[in-house]
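Now for the letters of each chain:
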Amino acid sequence: MEKDKKARVCVDPARGAMSLSVWAAEWLERRVIGEATRCNYEGFIRNHLVPSLGRKPLAGLARRDFERFVKDIYRGGAGLAASTVNDRMVMVAAIMEAAVVDKRITENPARGIRVSRRDAVAVDEDAVPTPAEVDLIAAHISPQFRLTVYLQAGTGQRPSEALAFSAECRRPGYVRVRWQVSAKAHQEDCQAPFVPLKHRLEKECRDVPTAPFIEQEIDAHLRRWKPVPMVFTGQKGKRIRLEALFAPRQPGLGVMPSISSYGYQFKKACLSAGLVDLDGNAKFTPRSLRHFFASTALANAVPIHEVSRWLGHRSVKTTVDIYGHLLPSAWDRCRQVLQLAMRPASLDATLQPPNETD
């Protein structure tokens, strides 16, 4: 039995030898939380926490392990937004805090670990595909997911939202985004394949304008596949029916396509189309299509507060942090507007930005 002199807490080294993966599973089993939250936590633990740190004993985890973990999942191609990573790290900190309370470790090495505001970036312009590259991905992906590519690129939907697209989403000149595919939708015993949008309640939705090519892609999809009726129970117990465009169609396959299966097909499409980086890996991820939508709209003077609303960001500040650097320069426009307002008779049409070397 060891004693932490500062905290004066007795800790049995044998209790700290439990692996993080086993402890996280026990912790989650004891939580009284909603299904959607449980699905999100399970997915993060299974896909990110366990592969990175799951084998380490609780007592062997240090703060630097969690700092490296956050950096890797945020910048390593996992496709998670900073807000999502921070939200999940609150969960991870709770897992480790429970280990402190259970006297398995003396202090919580995950407390306060998060993606900082200055790191919640500024999308890399190389991560934004060109229109030709979007078409290449759509041409090489499994035909069932072709429309998914264009829904993301043309309306900025998240992969889970695009996969939940149904006939009722389609409106004259716009789409109404109300649902996203549940993390458990691909499981045969899933009772709720569709769940409310991120940051939104079940009754909430957002409307996004659609260019004519989106209408054409929807029509082409419907000519090949008819919508499939999906009946499920909403969070308030009400029975809901959707005519899903991406429901399963293979005989005997009674599950929805998953986000991971779409991601797998997306990666294959990039490789097949030759859209690879210097290491031969897929150059883009499904999130790159949201970047395409946002950057294209902003570069053509669509107001950022509108783009933020269409993307479903919780705050316009998130949109500014990620895409603000892609906005057209307003330098010359600002100088001319102010000059015209104050000295209209002497407007200098040759106004130039100052020399940075002066």
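Predicted model only: the values in this text are computed from it and were never measured.

Student: Would you explain helix α5 (residues 131-140) in this entry?
Tutor: Turn by turn, an α-helix covers 3.6 residues, leaving residues three or four places apart pointing in a common direction. For α5, the full list of buried residues reads Glu133, Val134, Ile137 and Ala138. Relative to the axis of α5, the buried residues are bounded by an arc of 140° and lie together on one face. Those residues of α5 that are exposed and aimed more than 90 degrees away from the buried face are Pro131, Ala132 and Ala139. Among the structural elements, α6 (146-155), α9 (259-273) and α10 (287-299) are those in contact with the buried residues of α5.

Student: Honestly, the environment of Asp87 in this entry has me stumped. Any pointers?
Tutor: Within the fold, Asp87 resides in helix α4 (residues 82-101). Linking Asp87 and Val115, residues 28 residues apart in sequence, is a C-alpha distance of 9.9 Å. In terms of polar contacts, Asp87 uses its side chain to reach the side chain of Arg88, at 2.3 Å.

Student: Help me out: how do you make sense of the sheet that holds strand β4 (residues 174-177) in this one?
Tutor: By way of backbone hydrogen bonds, the strands of a sheet pair with one another, either parallel or antiparallel. Pairing in this open sheet of three strands is antiparallel, and the strands run β3-β4-β7 from one edge to the other. At either margin of the open sheet sits one strand with a lone partner, and together these are β3 (170-171) and β7 (206-209). Pairing between β4 and β7: four bridges, direction antiparallel. Following the sheet pairing, Val177 is matched in β7 by Arg206.

What counts, and where the lines are drawn
Residues numbered from 1 in each chain as written. Predicted model: local features only at pLDDT ≥ 70, side-chain atom pairs only at ≥ 80, totals over all residues. Heavy atoms only, no water. Buried < 20%, exposed > 50% of the residue type's maximum accessible area, 1.4 Å probe, protein only. Helix = DSSP H or I, 4+ residues; strand = E, 2+ residues; numbered from the N terminus. Arc of directions from axis to C-beta. Contact = heavy atoms within 4.5 Å. Polar contact = N/O pair within 3.5 Å; in protein donor to acceptor, adjacent residues only side chain to side chain. Pairing = 2+ DSSP bridges.

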